[in-house]
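# Summary of structural features
Below are the chains, spelled out letter by letter.
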Amino acid sequence: MVAVAMRATALSAERVRAEQSRTDCAGEVRLTREERQILALLAEGYLLDGIARRMCTSNRTLRRRIRGVCDRLGVQTPIQAVAWAARRGLI
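Before going into details, it helps to say that this report is about the structure given with it. (Residues numbered from 1 in each chain as written. Predicted model: local features only at pLDDT ≥ 70, side-chain atom pairs only at ≥ 80, totals over all residues. Heavy atoms only, no water.)

## Considerations on the nonpolar core
Among the nonpolar cores identified, the biggest contains 19 residues, and Leu39, Leu42 and Leu73 are the most heavily contacted of them. For this core, the secondary-structure elements that each account for two or more residues are α2 (33-43), α3 (48-54), α4 (59-73) and α5 (78-87). For Leu73, the contacting residues outside a window of four places in its chain are Val29, Leu31, Ala81 and Trp84. (Core = buried A, V, L, I, M, F, W, Y, C linked by side-chain atoms within 4.5 Å. Buried < 20%, exposed > 50% of the residue type's maximum accessible area, 1.4 Å probe, protein only. Helix = DSSP H or I, 4+ residues; strand = E, 2+ residues; numbered from the N terminus. Contact = heavy atoms within 4.5 Å.)

Here it is, written out as structure tokens:
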């Protein structure tokens, strides 16, 4: 039982370290150039098909990348991710 609790604590600490590595020293999440480009295209009104074609990727890959950005930013929808990036002047 103690080993299970220690393992859970170790996993929690590992998740915290992973999350901290995704942020810069000011606590802000860093976005790659491609992630900023995706959010900018979403803000301009492009549909997923158009963004995928522009970025030479599949719709599935694009949806996965958008979901990853949303998860890292702590938002639920791509629209919220666009708003987050716009408020910070990233797009």
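On we go.
## Some points on the packing of α2 against α5
At a closest axis distance of 9 Å, the pairing of α2 and α5 adopts a crossing angle of 105°. With respect to their mutual orientation, α2 and α5 come out roughly perpendicular. From α2, Leu39, Leu42 and Ala43 reach across to α5, where they touch Pro78, Ala81, Val82 and Ala85. Across the contact of α2 with α5, the residue classes tally to seven nonpolar, no polar and no charged. (Axes fitted to C-alpha atoms, helices over the stretch in contact; angles between N-to-C directions. Parallel < 35°, antiparallel > 145°, perpendicular 65-115°, else oblique. Nonpolar A, V, L, I, M, F, W, Y, C, P; charged D, E, K, R; others polar.)

## Quick look at the environment of Ser58
Along the chain, Ser58 falls in the loop between α3 and α4. Accessibility expressed as a relative area gives 35% for Ser58, which makes it partly exposed. With ten residues separating them along the chain, Ser58 and Leu48 place their C-alpha atoms 9.4 Å apart. Of note is the side chain of Ser58, whose polar atom sits 3.0 Å from the side chain of Thr61. (Polar contact = N/O pair within 3.5 Å; in protein donor to acceptor, adjacent residues only side chain to side chain.)

## A closer look at the pattern of salt bridges
For the structure shown, the criterion picks out three salt bridges. Put simply, Arg33 and Glu34 hold a salt bridge, and the shortest N to O gap is 3.0 Å. For Glu34, a relative accessible area of 28% puts it in the partly exposed group. We note a salt bridge from Glu35 to Arg72, for which the minimum N-O separation is 2.8 Å. Residue Glu35 is located in helix α2, and its partner Arg72 is located in helix α4; the two are separated by 37 residues in the primary sequence. A relative accessible area of 9% places Glu35 in the buried class. (Salt bridge = Lys/Arg side-chain N within 4 Å of Asp/Glu carboxyl O.)

## Some points on the side chain of Arg72
A relative accessible area of 18% means that Arg72 is categorised as buried. A distance of 2.8 Å separates a polar atom in the side chain of Arg72 from a polar atom in the side chain of Glu35.

Fair warning: the whole summary comes from geometry, so function is off the table for now.
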